[in-house]
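# Residue-level structural notes
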Amino acid sequence: MPTTLAEKVYEAHVVRRTAGEPDLLYIDLHLVHEVTSPQAFDGLRAAGRTVRRPDLTMATEDHNVPTLDILAPIADPVSRAQVEALRKNAAEFGIRLAPMGDRDQGIVHVIGPQLGLTQPGMTIVCGDSHTSTHGAFGALAFGIGTSEVEHVLATQTLPQYKPKQMAVTVDGELPPGVSAKDVILAVIAEIGTGGGQGHVIEYRGSAIEALSMEARMTICNMSIEAGAKAGLIAPDQVTFDYLQGRTHAPTGADWDAAVEYWRTLRTDEDAVFDREVHIDAATLTPYVTWGTNPGQGLPIDAAVPDPASFADEGDRRAAEQALAYMGLTPGTPLREIEVDTVFLGSCTNGRIEDLRVAAELLRGKRIDADTRMLVVPGSVAVKAQAEAEGLDKVFLDAGAEWRGAGCSMCLGMNPDQLKPGERSASTSNRNFQGRQGKGGRTHLVSPSVAAATALTGHLTAPADLQESVTV
Amino acid sequence: MDAFTTHTGTAAPLRRTNVDTDQIIPAEYLKRITRTGFEDGLFVAWRTNEPDFVLNQPQYADASILVAGPDFGTGSSREHAVWALLDGGFRAVISSRFADIFRNNSTKAGLLTVVLPQDAVEALWAAVEADPTTQVTVDLEAKQVGYDDVTVAFDIDDYTRWRLLEGLDDVGLTERNLPDIEAFEAGRPSWLPHAQPVS
Ligand code: SF4
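All of these numbers come straight from a predicted model, not from anything done at the bench.

### Topic: the interface of chain B and chain A
Listed as interface residues are 58 residues of chain B and, on the opposing side, 77 residues of chain A. When the two sides are added together, the surface that chain B and chain A hide from each other amounts to roughly 5600 Å², 53% of it contributed by carbon and sulfur. The interface formed by chain B and chain A contains 10 salt bridges. For the salt bridge of B:Glu175 with A:Arg49, the shortest nitrogen-to-oxygen distance reads 2.9 Å. Here chain B is connected to chain A by 33 residue pairs in polar contact (both at pLDDT 80 or more).

This is the structure:
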């Protein structure tokens, strides 16, 4: 029977299949961070269990870490206790940890690919919903809860039901200034935050194949924002080139064997998807969100919608609640929305290419005097690379802040937060109420829209800047 | 985890769609390393800022069943959202659509998530708004929700239902299949990555 890429990876990991029970799925890589793991390790201890495969497990500190003075002890005692709990657990159970200050430290979804631990055809889990990021390599990667973290630690497996299959095909060429972030925001606006529920999404089509690995990660990252269990992209030469030479990538004869297998990881031509969505890349423009869920997004040329324009009562009510929280009036052009803060970072857009795109727009310019811009590299390695290229200087000269690596203002578990009523343009993935700080208001944007917005102080597309220069 | 067979209590109508787990419990409460005591963070922003938020209304303060709009539990995978609902006195959540990870987490911690068609949710909202003392029964054995003279059937896979009815721990069940796991491991390609440091 013809099968999809996701089905192939899934089937290759079934340890046990019995009628009337979920399949038992083997997990090739388990990534761990400090927030969703302490109760899981406690559970192991209480039951006298060990970690079955510490060699397939890797931990990092990312959610709580400050981005200033990273070598000083964490000032917040509760954050500090959580990070210390991870250090203790990693030592006790023999798990490799990249602590603050380590050259491998960073956001869990940035370091896996960067180290070459994320490879095609693998099953990867983490107590974190954005684990879908790793699907960019053709891996089946998904977020799990703390009870499941404990289950994987103890058994290296998970009981699973085979997910449904969805194809999102993006054909054509993206217009200049339109990025992977705009593609995924457009997809979510199209299918809604529950549109992918129960499905794995395979992104395909010429526009996807033309993307770099980092851009593919941006797309897969936000699969969860469409409600999907995971998102993936078939591995190709771009994938192999990215992986070759990375610390944990195979070498020599192993590399050849691996690539031979990876080349088989493609959806069969006549495989059937449960749902298909088509998007024409040429019609896309920069997207921004106006509401409090990632499906509430529009092209930047649009205006804040009128709740009355929604046919569905639930959508109407959601729009009313969102506009009240966001402090927005229907009919206001999105470009006129003024922001206080621009956040460039996160597992969605905190990689080197994202920083390069933003730095290019800022080079030799100053950001708006009333706007602050926080640039937070996704990992220590991204930070080092950016500094080697002189990007830190570009950001600093433009008046932005250059910080240490971590999740930072994506969720404000560290001191990087919005104040009540403050508004941000953020390259992260969630515009939920209070996500970036109590009462904070978030507009999700791409790195280039973030940089353009920092220059003007209101939501701005990169193309707008060129127009104002030529006029 | 505690077994779930049947539960009767009053219900709170949460007329909101897309209730994400950041709303159920914000990130600042996730710094704790315990598994209980999250009730203070449950819906804390809405409880603090919205005087007429449903759980601020005395007639719903003791509700043990939450009836929510579609796409409940979206966003972050934090199982703390399930723990906070349990700590806040809820035994069941009813919605027409749950986010996958939230639903999965709920089954691991003994919170019953019941999927009903949206029109059945609307009818239940109307009933508990008309009379907040309405006794609602969620019966996992019979796979039905009942109140007044209404009975609505719901679907749940047999395996999850059995685990919940028995209050069984997944890890213990999987450990019975250790030989299968060992056999699978023996066949894994040697080039697959290991996380140990490479010098
Ligand atoms: S950057 Fe944001 S979304 Fe990504 S792992 Fe960190 S907190 Fe989660």
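### A look at the sheet that holds strand 16 (residues 372–375) of chain A
Residues and elements named next belong to chain A. The strand order 17-16-15-18-19 describes an open sheet built from five strands, whose pairing is parallel. Each edge of the open sheet is held by one strand with a lone partner, namely strand 17 (401–402) and strand 19 (441–444). The pairing of strand 15 (residues 341–344) with strand 16 spans four bridges and is parallel. The residue of strand 16 that forms the bridge with Thr341 is Arg372.

### Let's talk about the confidence of the model for chain B
Per-chain confidence: chain B averages 96 in pLDDT, with 99% of residues scoring 70 or above. Our summary of model confidence lists the complex with pTM equal to 0.96 and ipTM equal to 0.94.

### As for the side chain of B:Asp22
Tracing the backbone through its elements, the reader meets B:Asp22 in helix 1 (residues 21–24). According to the relative accessible area criterion, B:Asp22 is buried, its value standing at 5%. Of note is the side chain of B:Asp22, whose polar atom sits 3.4 Å from the side chain of B:Arg78. The contact partners of B:Asp22, leaving out residues within four places of it in the chain, are A:Phe432, A:Arg435, B:Ser76 and B:Arg78.

### Remarks on the packing of helix 13 (residues 352–362) of chain A against helix 14 (residues 380–388) of chain A
All names here are of chain A. Contact geometry for helix 13 and helix 14: axes closest at 10 Å, N-to-C directions at 35 degrees. With respect to the hand of their crossing, helix 13 and helix 14 are arranged in right-handed fashion. Between helix 13 and helix 14, the residues in contact are Ile352, Leu355 and Arg356 and Val382, Gln385 and Ala386, respectively. The residue inventory of the contact of helix 13 with helix 14, partitioned by class, reads four nonpolar, one polar and one charged.

### Re the pairing of strand 2 (residues 11–14) of chain B
All names here are of chain B. Neither face of strand 2 is left uncovered, since the one carrying Ala11 and Pro13 and the one carrying Ala12 and Leu14 both have all their residues buried. Summarising the sheet, strand 2 and strand 3 (residues 65–68) pair through four bridges and their orientation is parallel. Following the sheet pairing, Ala11 is matched in strand 3 by Ile65.

What counts and what doesn't
Here the residue index of a chain counts from 1 through its sequence in written order. All chains are assigned letters beginning with A, and all ligands numbers beginning with 1, in the order in which they are written. Whole-chain, interface and lining totals are the exception, using all residues; otherwise, since this is a predicted model, local features are given only for residues with pLDDT of at least 70 and side-chain atom pairs are given and counted only at 80 or more. Side-chain measures here rest on the full set of heavy atoms in the structure, leaving out hydrogens and waters. Note on contacts: a residue pair is in contact if any heavy atoms of the two residues lie within 4.5 Å. Using a 1.4 Å probe, buried area is obtained as the accessible area two parts lose upon being combined, added over both of them. The salt bridge criterion pairs a side-chain nitrogen of Lys or Arg with a carboxyl oxygen of Asp or Glu, the two atoms within 4 Å. As used in this structure description, the phrase polar contact means that two N or O atoms lie within 3.5 Å; if the pair is within protein, one of them must be able to donate a hydrogen and the other to accept it, and residues adjacent in sequence are counted only when both atoms belong to side chains. Two strands are said to pair when DSSP picks up at least two bridges between them. Comment: elements are numbered from the N terminus, with helices defined as DSSP H or I runs of at least four residues and strands as E runs of at least two. The quantity known as pLDDT measures the predictor's confidence residue by residue, on a range of 0 to 100. Residue burial is assigned from relative accessible area. The probe radius is 1.4 Å, only protein chains are included, and a residue is buried under 20% of its type maximum, exposed over 50%, and partly exposed in between. Helix axes are fitted only over the stretch in contact, all axes being lines through C-alpha atoms; the angle between N-to-C directions runs from 0 to 180 degrees. Less than a right angle of anticlockwise turn of the near helix away from the far helix marks a crossing as left-handed, whereas a clockwise turn marks it as right-handed. Any residue that is not Ala, Val, Leu, Ile, Met, Phe, Trp, Tyr, Cys, Pro, Asp, Glu, Lys or Arg is counted as polar, Gly included; the first ten are nonpolar and the last four charged.

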